[in-house]
Amino acid sequence: MRRTTAAVTVGAAAMLLTACTGSTPVADPVSTIPSTTTTGSTTAASSTTSSPPSSTTTTSSKPAGSSAPPAGRSGAGRCPAYPNPSCTGVPPGTKLKELAPNVPDGDGYRVTDNGAVLDGVHIAGNLLITAYNVTVRNSQIDGWVDDQYGNSYYSYTILDSTVGKPTGCDSLPGVGQGSYTARGVLVQNHSHGFQAGGSNIAIHDSYARICSNPGDHSDGIQSYGAGDNIVLDHNTLDERGVKDITAPIFLTDQRNNVTVTDNLVAGGTYSIQVKNFGGAVVVTGNRMVANSWEYAPVESECSRIQWSDNTLVTIDANYGITGTVGPLPCAG
C-alpha cells in the first residue's frame, strides 16, 4: 500500500501537499458511527478478506473511555491533566484481534466501506481509509493511518488508539491527513505525529512523542497548504532530545480558522510556528516547557494571531506541571 501525494519543497524540506475533497467530521466523534452499525461481532477479519464488509466491526473488552470529563477538564479525554502515555492509546486490558492485510502488497489494511467500524484490532502495518465516516477505536496500528488517496480525502474518527511500533522510527506522519477527528490517540516512533493536509481536522486529548531519522524535519503536527478549520486542543507534543526537527506545532499556509488551545509543547527549533494563513487564528492557554527549544520558543505571525495566556512551565517525568516560569510572548 502506497500513499499518492504531490511533493512541494518549502525551505529545505520536501513536504506533502494535496487538495481536500473529504467530508466534515461532526463535533462529537462518537456520533460518526452510523445508527445501522453494530458492535457485537467478536471475530476479526480473516487473512482471506479482500475488502472490509459493509459494517467492518470487531469489539474490545474495554470501553473507549469514560463518558464523563475528568475533574478539571472540559473535554472528554481520559487524562486528568495533560495527556501522557498512561492515559492515551489503547485502554489497558483491551484484548486486540489481529486484522489480516487485505492489500496487494501485504503491508496493511484498506477500508473501503462508508461507516465502517474497527474496534479492538491490531493492524501490523498501515491503515488506509478510502471511505467516509469510518471509526477506529481501541486499536493498535503499527504503521500510519491516512485517508488521502489519489487526489481525494475521505473522513474518519480515531479514538483511544495507538499508532506506531514500540521501537524504531517511521519518517512518515502517524495520523493524517484531512477531514479527521483524533481523540485519546498515542502516536509513538513517528517523525511527525499528525499531518494536516486538508480541512476540518480536530485533534484532542492526544499524545505524540516524536522521533527522527537523518534528513527528517520532524513535527508534532505538520501542515502545508491545509484548508479550513484546524483545531489542536489539549494535546502533549514532545520533541525533546530529537536531532532532525522543526517544531512541535508547525502550522503554515492554512486558509481559515486555526485554533491552538491548551496544549503542552516541548522541544523543537522554534517550538510554535503558526504563519502564512488566512482567516482567524487563536493561540491561547498553551504551556511550553522552558528552555526545551533550540533557537527560540516562538516564530509566528503575531500581528494576526489572537495570542493570550500562553506560559513557560516546568514539568515532571509524567508531564505534570511543576511550576510556572513566566509568560510566553509571541515573536515573529
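Please read all numbers here as calculations on a predicted model, not as lab measurements. Residue positions are given per chain, counting from 1 as you read along its sequence in written order. Local features are withheld for residues below a pLDDT of 70 in this predicted model, meaning they are given only at 70 or higher, and side-chain atom pairs are given and counted only at 80 or more; totals for whole chains, interfaces and linings count all residues. To get the side-chain values, take all heavy atoms of the structure and skip hydrogens and water.

> In this structure, what is going on with the pairing of strand β17 (residues 186–196)? I would like to understand it.
In regular strands, side chains alternate between the two faces of the sheet. Each residue's exposure class comes from its accessible area (1.4 Å probe, protein chains only) as a fraction of the maximum for that residue type: buried when under 20%, exposed when over 50%, partly exposed otherwise. A helix here means a DSSP run of H or I that spans at least four residues, while a strand means a run of E at least two residues long, and both kinds are numbered starting from the N terminus. For β17, a buried count of ten out of eleven residues is recorded, marking the element as mostly surrounded by other parts of the structure. As paired strands, strand β14 (residues 162–163) and β17 are joined by two bridges and run parallel to one another. Note on β17: the bridge partner recorded for V163 is V187. Note that strand β15 (residues 170–175) and β17 share three bridges and pair parallel. Residue pairing across strands places P173 opposite H192, the latter belonging to β17. Pairing between β17 and strand β19 (residues 207–210): four bridges, direction parallel. Looking at the pairing, L186 lines up with Y207 of β19. The sheet contact formed by β17 and strand β20 (residues 218–224) spans four bridges and is parallel. From the neighbouring strand, F194 faces β20, where its bridge partner is I221. In this scheme, strands are said to pair when DSSP sees at least two bridges between them.

> Could you clarify how one ought to interpret the sheet that holds strand β8 (residues 134–137) in this entry?
Pairing between the strands of a sheet is mediated by backbone hydrogen bonds and can be parallel or antiparallel. Here we have nine strands laid out as an open sheet, ordered β5-β8-β13-β16-β18-β21-β24-β27-β30, and parallel in their pairing. Each edge of the open sheet is held by one strand with a lone partner, namely β5 (117–119) and β30 (306–308). Taken over all neighbouring pairs, the strand axes of this sheet differ in orientation by 5 degrees on average, direction set aside. Looking at chain direction, β5 and β8 are connected through three bridges and run parallel. Following the sheet pairing, D119 is matched in β8 by R137. Convention adopted: a line fitted to C-alpha atoms gives each axis, helices being fitted over their contacting stretch, and angles between N-to-C directions are expressed from 0 to 180 degrees.

> When you look at the packing of aromatic side chains in this model, what are you seeing that I'm missing?
Any two aromatic rings considered together are summarised by their centre-to-centre distance and by the angle between their planes. The rule is short: rings of Phe, Tyr and Trp, with Trp giving its six-membered ring, pair when the centres are within 6.5 Å, and they are stacked under 30 degrees, edge-to-face over 60, tilted in between. Applying the stated criterion to the full structure yields four aromatic pairs. With a centroid separation of 5.4 Å and an interplanar angle of 15 degrees, the aromatic rings of Y156 and Y180 are classed as stacked. Taken together, the positions of Y156 in strand β13 (residues 156–159) and Y180 in strand β16 (residues 180–183) put the pair 24 residues apart, joining distant regions of the chain. Definition used: whenever NZ (Lys) or CZ (Arg) falls within 6 Å of the ring centre and also within 35 degrees of the ring normal, the charge is taken to sit over that ring. A cation over an aromatic ring shows up here: R110 above the ring of Y149, its NZ or CZ 4.5 Å from the ring centre.

> Is there a simple way to think about the confidence of the model for the protein in this case?
Regions with low pLDDT should not have their predicted coordinates read in detail. Of all residues in the protein, 77% have pLDDT values of 70 or greater, and the mean over the chain is 80. What pLDDT expresses is the predictor's confidence in each residue, scored from 0 to 100. In this description, contact between two residues means that some pair of their heavy atoms is separated by no more than 4.5 Å. Predicted confidence is poor over residues 1–74, with pLDDT under 50, and the contacts of this stretch with residues over four places away or in other chains come to 177 contacts.

> In this structure, what is going on with the state of the cysteines? I would like to understand it.
Here a disulfide denotes a covalent bond joining the sulfur atom of one cysteine to the sulfur atom of another. Two cysteine sulfur atoms make up a disulfide if the distance between them is within 2.5 Å. In total, this model carries three disulfides according to the counting rule given. C169 shares a disulfide with C211; S-S distance 2.1 Å. Looking along the S-S bond of the C169-C211 disulfide, the torsion reads about 90 degrees, which is the right-handed sense. Residue C169 is found in the loop between β14 and β15, and its partner C211 is found in the loop between β19 and β20; the two are separated by 42 residues along the sequence. By relative accessible area, which is 25% here, C169 ends up partly exposed. Given the relative accessible area of 12%, C211 is considered buried. Disulfide partner of C302: C330, at an S-S distance of 2.1 Å. Negative torsions about the S-S bond denote left-handed disulfides, and the value of about -90 degrees found for C302 with C330 makes this one left-handed. In this pair, C302 sits in the loop between β29 (296–298) and β30 while C330 sits in the segment after β32 (321–327), placing the two residues 28 residues apart along the sequence. Residue classification places C302 among the partly exposed positions, given a relative accessible area of 24%. Counting its disulfide-bonded cysteines in sequence order, the protein shows a connectivity of 1-2, 3-4, 5-6.

> Just checking my understanding: could you explain the environment of Q140 for this structure?
Summarising the element assignment, Q140 is placed in strand β9 (residues 140–141). The class for Q140 is buried, based on a relative accessible area of 14%. Here the alpha-carbon distance between Q140 and H122, two residues 18 residues apart in the chain, equals 4.7 Å. The contacts of Q140, once residues within four sequence positions are left out, are V90, L96, V121, H122, I123, T162, G164 and Q188. Among the polar contacts listed, one links the side chain of Q140 to the side chain of D142, at a separation of 3.0 Å. Of note is the side chain of Q140, whose polar atom sits 3.0 Å from the backbone oxygen of G164. Polar contact criterion, stated in full: a pair of N or O atoms within 3.5 Å, where within protein one must be able to donate a hydrogen and the other to accept it, and residues adjacent in sequence count only if both atoms are side-chain atoms.

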